[in-house]
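Fold and contact review
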Amino acid sequence: YDSYNKWSIDVNAGVNKASRPFAPGYFTDTPDFFHGDIGLRYMLNDKAGLKLDFGYDNFKNSDDSQPFKTRLYRISLQGVANLRNILSFSDWTNTIGLLAHGGMGYSRLSIQEPVELADDDQMLNFIAGITPQIKLAERVALNADLSIIGQIRQDNTYDGTQRQTATDFDAFYVNATLGLSIYLGKNEQHADWYSKDQDMETDLDSITGRLT
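Reference entry: report on the structure contained in this document.

1. Notes on the overall build of the protein chain
- Looking only at helices and strands, the protein chain has two helices and 10 strands in total.
- Order of helices (α) and strands (β) in the protein chain, N terminus to C terminus: β-β-β-β-β-α-β-β-β-β-β-α.
- Put simply, the protein chain has 212 residues, and 43% of those count as buried.
- Partitioning the contacts of the protein chain with sequence separation of at least 6, the portion at a separation of at least 24 is 66%.
- Counting only carbon and sulfur atoms, one obtains 61% of the accessible surface of the protein chain, whose full area is about 10800 Å².

2. Quick word on the packing of aromatic side chains
- According to the stated counting rule, one finds 12 aromatic pairs in the structure shown.
- Relative to Tyr173, the ring of Phe59 has its centre 5.7 Å away and its plane inclined at 80°; by these criteria the two rings are edge-to-face. Highlighted residues: Phe59 in strand β4 (residues 48–60) and Tyr173 in strand β9 (residues 171–184), separated in sequence by 114 residues. The residues Phe59 and Tyr173 share a single accessibility class, namely buried.
- Here the aromatic rings of Phe89 and Trp92 are separated by 5.2 Å at their centres, their planes lie at 45°, and the arrangement is tilted.

3. Some words on the pairing of strand β6 (residues 96–113)
- Pairing of strand β5 (residues 69–82) with β6 involves 14 bridges; the strand directions are antiparallel. Residue pairing across strands places Ile75 opposite Tyr106, the latter belonging to β6.
- Bridging between β6 and strand β7 (residues 121–137) involves 14 bridges; their strand directions are antiparallel. By the bridge assignment, His101 is partnered in β7 with Gly129.

4. Observations concerning a nonpolar patch on the surface
- A cluster of nonpolar side chains, namely Val11, Ile38, Leu44, Leu50, Leu52, Phe54, Tyr73, Ile75, Leu77 and Tyr106, defines an oily patch on the protein surface of about 860 Å² accessible area.
- If you list the elements that add at least two residues to the nonpolar patch, you get β4 and β5.
- Relative to the elements of secondary structure, Val11 occurs in strand β2 (residues 7–20).

5. Describing the nonpolar core
- Core analysis: the biggest nonpolar cluster contains 14 residues, and Ala18, Phe22, Phe59, Leu72, Tyr158 and Tyr173 have the highest contact counts within it.
- Broken down by secondary-structure element, the contributors of at least two residues to this core are β7 and β9.
- Apart from the residues lying within four places of it in its own chain, the contact partners of Tyr173 are Lys17, Ala18, Ser19, Asp57, Phe59, Leu72, Arg74, Ser147, Ile148, Ile149, Gln151 and Tyr158.

6. Things to note about the pattern of salt bridges
- Scanning the model with the defined rule gives eight salt bridges in all.
- One salt bridge connects Asp10 with Arg41, and the closest N-O pair in it is separated by 3.0 Å. With Asp10 in strand β2 and Arg41 in strand β3 (residues 32–43), this residue pair connects regions lying 31 residues apart in the sequence. Like Asp10, the residue Arg41 is buried in the burial classification.
- The residue Arg74 makes a salt bridge to Asp53 at a minimum N-O spacing of 3.1 Å. Here the residue Arg74 occupies a position in strand β5, and Asp53 occupies one in strand β4, the gap between them amounting to 21 residues. Exposure class is identical for Arg74 and Asp53. Each is buried.
- Because the salt bridges share partners, they merge into one network encompassing Asp10, Arg41, Lys51 and Asp192.

Parameters and conventions
Residues numbered from 1 in each chain as written. Predicted model: local features only at pLDDT ≥ 70, side-chain atom pairs only at ≥ 80, totals over all residues. Heavy atoms only, no water. Helix = DSSP H or I, 4+ residues; strand = E, 2+ residues; numbered from the N terminus. Buried < 20%, exposed > 50% of the residue type's maximum accessible area, 1.4 Å probe, protein only. Contact = heavy atoms within 4.5 Å. Areas by Shrake-Rupley, 256 points an atom, 1.4 Å probe, with all protein chains shown as cover. Phe/Tyr/Trp six-rings, centres within 6.5 Å; stacked < 30°, edge-to-face > 60°. Pairing = 2+ DSSP bridges. Patch = residues over 30% accessible without salt bridge, like charges linked within 9 Å, V, L, I, M, F, W, Y side chains within 5 Å. Salt bridge = Lys/Arg side-chain N within 4 Å of Asp/Glu carboxyl O. Core = buried A, V, L, I, M, F, W, Y, C linked by side-chain atoms within 4.5 Å.

Remember, this is a structural readout, not a statement about activity or role.
Written out as structure tokens, the structure reads:
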């Protein structure tokens, strides 16, 4: 029987930067606003888990670029590693955590302006990222995340004005976010913050309390 919760909802918002591909004369601010994502995460144990997440990115021209507006929708299935427990962070802190994640999924690029290329672009995405955590309470943690996303078979440039000739693995963008992990379950702790040593200390304290 596991003495920790395994489910969480992860909600994040922040910025993006699309690096390529762009048509000549088109680019975004560094960073560009807005990115948002929400994920449902299940920890298989206190060191590894799975996450299904949905992300949204809005790409638009900077002041020095030709005008454009596109939207990107992404869904991905990722593996999650709890580096806090793998690297024994509990030896020196109870409030700082670190997750690593990576996986793949489906992306769709929707062109809003200009309208010459009306067909949405459909791609396969690969994502990898790192997520520092600060524990705010037993049910909530603050997250900062940096993720890099690559896409296969992206036919259109991010500005939506030009078709690509090489589409194997040429599309990249970056997300940087702040957000919250909301922990679900009836136990006091979540797997993100579980420590076997602390669990043994709690059991020992409970036994000592019954004997005295």
